Amino acid sequence: MPRFDAGYVPRSAMAIYAHPDDIEFTIGGTIAKWSRAGCDVTFVLLTSGNSGTHDRMFTRKSLARVREREERESARILGVARVVFLRHGDCELVPTLALRKELVRRIRRHRPEVVLCNDPQALFFGDRYINHPDHLAAGKAALEAVFPCAEMELLWPGAGPAHKVHAVYVSSAAAPDTWIDVTGTMDTKIAALSAHRSQLGDQDIAPYLLGRARDEARRAPAGTAAGKKGAGRPEYAEAFRVMRLLREEK
Ligand SMILES: [Zn+2]
């Protein structure tokens, strides 16, 4: 039975997030690390970020086109072959039963060992940022789809054969318990996020990302640095609360 600890690499993973660039900001280092180690990764983007600009040059349709292109490019940089866009309205996402069923269908089709999503309880970050309602909705819908719906045989048989996800890696969690050493993939994470030019313009995002990953690493317990025995802490890390759904078989 896997321990789902810092050194674990799943065979397959599905990241379910609200907007193009969410994955890159929060878990890009982990995705790059896992895909480099052979994990088959699927991105499921619930919206195409079609409200995400103050630039009046765009329409919602043209912005969605640009942002899907940016996401595909960024997925390529991260080593991710499969990107699914569900094309709900940006700033309009609600964790409805219909959305839950859509996600169950995707989970049952791709059968990921691990699902990654945002913490739907993370409302406030410091005193400057109220979490985007789409991030909360995406996290809630993802968790509800994983458990219990995707694994219940009698529920929505038309959505595919039941599938049990082994673990959920919850990002932006208030109480993380697992730190993944992403020191070796920070460059890839920065390159992937930089592909989102409609969001960043010419801004150099590297100092922000490095600072954030350094802060995460500082909160990591001793011994989480990859490949080092003993007291090492990683230089850069991404933090998760991990829900271990696979019970040990007796
Ligand atoms: Zn977002």
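Residues numbered from 1 in each chain as written. Predicted model: local features only at pLDDT ≥ 70, side-chain atom pairs only at ≥ 80, totals over all residues. Heavy atoms only, no water.

**Q** Please explain the coordination of the zinc ion as it appears in this structure.
**A** Around a metal, the idealised angle for a tetrahedral arrangement of four donor atoms is 109.5 degrees; for an octahedral arrangement of six donor atoms it is 90 or 180 degrees. Distances from the zinc ion to its protein donors, H19 (ND1), D22 (OD) and H135 (NE2), fall at 2.0 to 2.2 Å. In primary sequence terms, the donor set of the zinc ion follows H-x2-D-x112-H. Separated by 113 residues along the polypeptide, D22 in helix α1 (residues 22-36) and H135 in helix α4 (residues 133-146) bring together distant segments of the chain. For D22, a relative accessible area of 8% translates into the label buried. (Donors = N, O, S within 2.8 Å, 3.2 Å for Na, K, Ca; no water. Helix = DSSP H or I, 4+ residues; strand = E, 2+ residues; numbered from the N terminus. Buried < 20%, exposed > 50% of the residue type's maximum accessible area, 1.4 Å probe, protein only.)

**Q** Would you mind going over the nonpolar core with me for this structure?
**A** One broad trend across soluble globular proteins is that nonpolar side chains are buried collectively. Core analysis: the largest hydrophobic core is formed by 37 residues, its most contacted members being I31, F43, L116 and Y169. Of the residues forming this core, the biggest block, five residues, is contributed by α1. Not counting chain neighbours up to four residues away, the residues in contact with L116 comprise A13, M14, A15, I16, Y17, I27, I31, W34, Y169 and F240. One finds L93, L99, C149 and V168 within the second-largest nonpolar core, a separate group that totals 29 residues. (Core = buried A, V, L, I, M, F, W, Y, C linked by side-chain atoms within 4.5 Å. Contact = heavy atoms within 4.5 Å.)

**Q** Sorry, what's going on with the side chain of S171 here?
**A** Assignment of secondary structure puts S171 in strand β7 (residues 167-171). Side chain to side chain, S171 and N118 meet in a polar contact 3.0 Å long. Leaving out residues up to four positions away in the same chain, S171 has contacts with Y17, T26, I27, C117, N118, D119, A239 and F240. (Polar contact = N/O pair within 3.5 Å; in protein donor to acceptor, adjacent residues only side chain to side chain.)

**Q** In this structure, what is going on with the pattern of salt bridges? I would like to understand it.
**A** Proximity of charged atoms lets side chains of opposite charge pair with each other. One pass over the structure, following the stated rule, counts 13 salt bridges. A salt bridge links E216 to R219; its shortest N-O distance comes to 3.8 Å. Placement of both E216 and R219 in helix α7 (residues 206-219) is noted, with a separation of three residues, approximately one turn of the helix. Taken together, the shared-partner salt bridges in this structure form one network comprising R100, K140 and E144. (Salt bridge = Lys/Arg side-chain N within 4 Å of Asp/Glu carboxyl O.)

**Q** I keep staring at the sheet that holds strand β1 (residues 12-17) and nothing clicks. Help me out?
**A** The strands making up a sheet are joined through hydrogen bonds of the backbone, oriented either antiparallel or parallel. Reading across the sheet, the seven strands line up as β3-β2-β1-β4-β7-β9-β8 and stay open at both edges, with mixed pairing between neighbours. The sheet is open, and its two borders are formed by β3 (82-88) and β8 (178-181), each paired with just one other strand. This sheet shows a mean twist of 25° between the axes of neighbouring strands, independent of strand direction. Here β7 pairs with strand β9 (residues 237-244) via five bridges, running antiparallel. Across the sheet, V168 pairs through a bridge with M243, a residue of β9. (Pairing = 2+ DSSP bridges. Axes fitted to C-alpha atoms, helices over the stretch in contact; angles between N-to-C directions.)

**Q** It is not clear to me how the packing of α1 against helix α2 (residues 60-78) should be interpreted in this structure. Could you clarify?
**A** Any two packed helices are characterised by the angle at which their axes cross and by the distance between the axes. The N-to-C vectors of α1 and α2 enclose an angle of 40°; their axes lie 9 Å apart at closest approach. With respect to α2, the element α1 is oriented oblique. Of the residues in α2, those touching α1 at E24, G28, I31, A32 and S35 are E71, S74 and L78. Tallied by class, the residues present in the contact of α1 with α2 amount to three nonpolar, three polar and two charged. (Parallel < 35°, antiparallel > 145°, perpendicular 65-115°, else oblique. Nonpolar A, V, L, I, M, F, W, Y, C, P; charged D, E, K, R; others polar.)

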